[in-house]
Amino acid sequence: MRKTTKLALAFIAMAGAVGGAAYAENVDSAKMRERTLMRLDKAMKDNGGTITFDQFSNIMDARLKKLVADNGGKLTVAQLADALEKARFERMARRIIARYDTKGDDSLTSDDIASREKKVFALLDKNNDGKIENRELPKSGRLGRHRQGGDDENGMQ
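Residues numbered from 1 in each chain as written. Predicted model: local features only at pLDDT ≥ 70, side-chain atom pairs only at ≥ 80, totals over all residues. Heavy atoms only, no water.

### Observations regarding the overall build of the chain
Of regular secondary structure, the chain possesses five helices and two strands. When its helices and strands are written in sequence order, the chain yields α-α-α-α-α-β-β. Split into buried and exposed, the 157 residues of the chain put 18% on the buried side. A total of about 11,800 Å² of accessible surface is found on the chain, and carbon and sulfur atoms cover 56% of it. (Helix = DSSP H or I, 4+ residues; strand = E, 2+ residues; numbered from the N terminus. Buried < 20%, exposed > 50% of the residue type's maximum accessible area, 1.4 Å probe, protein only. Areas by Shrake-Rupley, 256 points an atom, 1.4 Å probe, with all protein chains shown as cover.)

Set out below in structure tokens:
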């Protein structure tokens with residue numbers, strides 16, 4: 001591949017990644033770049049090592065274009081913000097369900113919550129006396145991967 005072609009593809013990939021960044025406000029940018037490059041790599045392999053602008057455009061901004069189409073050809077700041085917020089909360093909900101769901105049925109029950117609480121309590125009760133003492137709490141203020149205290153009065157994030 002010629003140097004100018006490589007530079008053009010790198011520039012296009014960077015431009016596409018920037019365009020797709022609106023969807024990934026809270027996602028680590030390195031992961032997003034990696035996924036973008038993986039999609040590009042797959043498209044290149046599927047098309048004999050090259051892709052057209054239209055193929056590239058579909059790879060890079062398909063979700064954004066769908067949002068615009070779904071909203072009559074125009075997307076306002078409020079509509080985009082709503083879509084981003086919905087996507088963010090759906091990701092958060094999937095993580096919470098995955099963390100608590102003991103049956104693997106993608107739903108959350110009181111039993112799932114109680115089971116999770118028992119596991120966390122057992123991890124914190126280092127001397128197994130049925131009580132958590134201040135000295136048993138993590139010094140970093142973190143409970144495993146999660147913040148201690150959470151965002152609401154029930155410790156949910």
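There's plenty left to go through after this.
### Some thoughts on the nonpolar core
With seven residues, the main nonpolar core is built from Leu 40, Ala 43, Met 44, Ile 51, Phe 56, Ile 59 and Met 60. For this core, the elements supplying multiple residues, two or more each, are helix H2 (29-46) and helix H3 (53-70). (Core = buried A, V, L, I, M, F, W, Y, C linked by side-chain atoms within 4.5 Å.)

### Notes on the packing of aromatic side chains
Applying the stated rule across the entire model yields zero aromatic pairs. Its guanidinium or amino end placed over the ring of Tyr 100, Arg 116 lies 5.6 Å from that ring's centre, counting from NZ or CZ. (Phe/Tyr/Trp six-rings, centres within 6.5 Å; stacked < 30°, edge-to-face > 60°. Lys NZ or Arg CZ within 6 Å of the ring centre and 35° of its normal.)

### Digging into the pattern of salt bridges
Between side chains of opposite charge, pairing is possible as soon as their charged atoms come close. Per the stated rule, a full pass over the model turns up six salt bridges. The salt bridge partner of Asp 41 is Lys 45, with a shortest N-O separation of 3.2 Å. On the criterion of helical spacing, the pair formed by Asp 41 and Lys 45 is a turn pair, its members being four residues apart in helix H2. When its relative accessible area of 38% is taken as the criterion, Asp 41 is described as partly exposed. A salt bridge links Lys 86 to Glu 90, with the shortest nitrogen-to-oxygen separation between them at 3.6 Å. Here Lys 86 and its partner Glu 90 are both found in helix H4 (residues 77-100), four residues apart, which amounts to about one turn of the helix. (Salt bridge = Lys/Arg side-chain N within 4 Å of Asp/Glu carboxyl O.)

### Brief notes about H3
Along H3, the helix axis deviates most sharply at Asp 61, where the bend reaches about 80°. Phe 56, Ser 57, Ile 59, Met 60 and Leu 67 are the residues of H3 that are buried. Among the residues trailing H3, Gly 72 stands out with phi positive, at a value near 70°. (Bend = angle between axes of the 7 residues up to and from the residue.)

### Regarding the side chain of Asp 112
When you line up the elements, Asp 112 lands in helix H5 (residues 110-124). Excluding residues that lie within four positions of it along the chain, Asp 112 makes contacts with Tyr 100, Asp 101, Thr 102, Lys 103 and Ser 107. (Contact = heavy atoms within 4.5 Å.)

### As for the environment of Glu 133
If you trace the backbone, Glu 133 turns up in the loop between H5 and strand E1 (142-143). Relative accessible area serves as the criterion here: at 26%, Glu 133 is assigned to the partly exposed category. Side chain to side chain, Glu 133 and Arg 135 meet in a polar contact 2.8 Å long. (Polar contact = N/O pair within 3.5 Å; in protein donor to acceptor, adjacent residues only side chain to side chain.)

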